[in-house]
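# Geometric and topological summary
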Amino acid sequence: MEGQYEGLALPTNARIILTVISGPAKGNVYKMEKPRVVIGRTDADIVLNDTEVSRWHCSIEVKDKIVRLRDLDSTLPEPPGICLSFCFLLIDETDPTPTG
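Residues numbered from 1 in each chain as written. Predicted model: local features only at pLDDT ≥ 70, side-chain atom pairs only at ≥ 80, totals over all residues. Heavy atoms only, no water.

## Examining the overall build of the protein chain
The number of helices and strands found in the protein chain is 1 helix and 7 strands. Counting from the amino terminus, helix and strand elements in the protein chain follow one another as β-β-β-β-β-β-α-β. Accessible surface computed for the protein chain: about 6,200 Å², of which carbon and sulfur atoms make up 52%. (Helix = DSSP H or I, 4+ residues; strand = E, 2+ residues; numbered from the N terminus. Areas by Shrake-Rupley, 256 points an atom, 1.4 Å probe, with all protein chains shown as cover.)

## Here we look at the pairing of strand S6 (residues 66-71)
Relative to S6, strand S5 (residues 58-63) runs antiparallel, the two sharing 6 bridges. From the neighbouring strand, Lys63 faces S6, where its bridge partner is Ile66. As consecutive antiparallel partners, S5 and S6 are separated by 2 residues, and within that stretch Asp64 has a phi angle of approximately 60°, a positive value. (Pairing = 2+ DSSP bridges.)

## Brief notes about the pattern of salt bridges
According to the stated counting rule, one finds 4 salt bridges in the structure shown. For Asp45, the salt bridge goes to Lys34, with nearest N and O atoms at 2.9 Å. Taken together, the residues span a long stretch of sequence, with Asp45 in the loop between strand S3 (36-40) and strand S4 (46-47) and Lys34 in the loop between strand S2 (29-31) and S3 at a distance of 11 residues. Since its relative accessible area comes to 38%, Lys34 is described here as partly exposed. Where Arg36 meets Glu61, a salt bridge forms, and the shortest distance between an N and an O atom there is 3.4 Å. With Arg36 in strand S3 and Glu61 in strand S5, this pair connects stretches of sequence that are 25 residues apart. Residue classification places Arg36 among the partly exposed positions, given a relative accessible area of 22%. Given a relative accessible area of 3%, Glu61 falls into the buried group. (Salt bridge = Lys/Arg side-chain N within 4 Å of Asp/Glu carboxyl O. Buried < 20%, exposed > 50% of the residue type's maximum accessible area, 1.4 Å probe, protein only.)

## Describing the sheet that holds S5
Taken in spatial order, the 4 strands of this open sheet run S4-S3-S5-S6, and their pairing is mixed. At either margin of the open sheet sits one strand with a lone partner, and together these are S4 and S6. In this structure, S3 lies alongside S5, joined through 4 bridges in antiparallel fashion. Bridge pairing links Val37 to Ile60 in S5.

Okay, here's the thing in structure tokens:
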């Protein structure tokens, strides 16, 4: 299992901000501090108190400036991209203007 996360790394000249754009957590903003975070209802890196979210619903994995949303075999019928509406925003550290 450890091998599947090899090569994950946050970009050196940008940061990744996750913004919830719908649901009960709408407006919450999270800065990714590590290259893989789990989103879920309990025992997750980002906890969302939402009945539409499974315990471990999905993960977000970063390899430089590539961001992957991965379903963690949630028990809910909807895919994580529909249930968890996140906006991925890369911000260059040298330029205060958002890009992406």
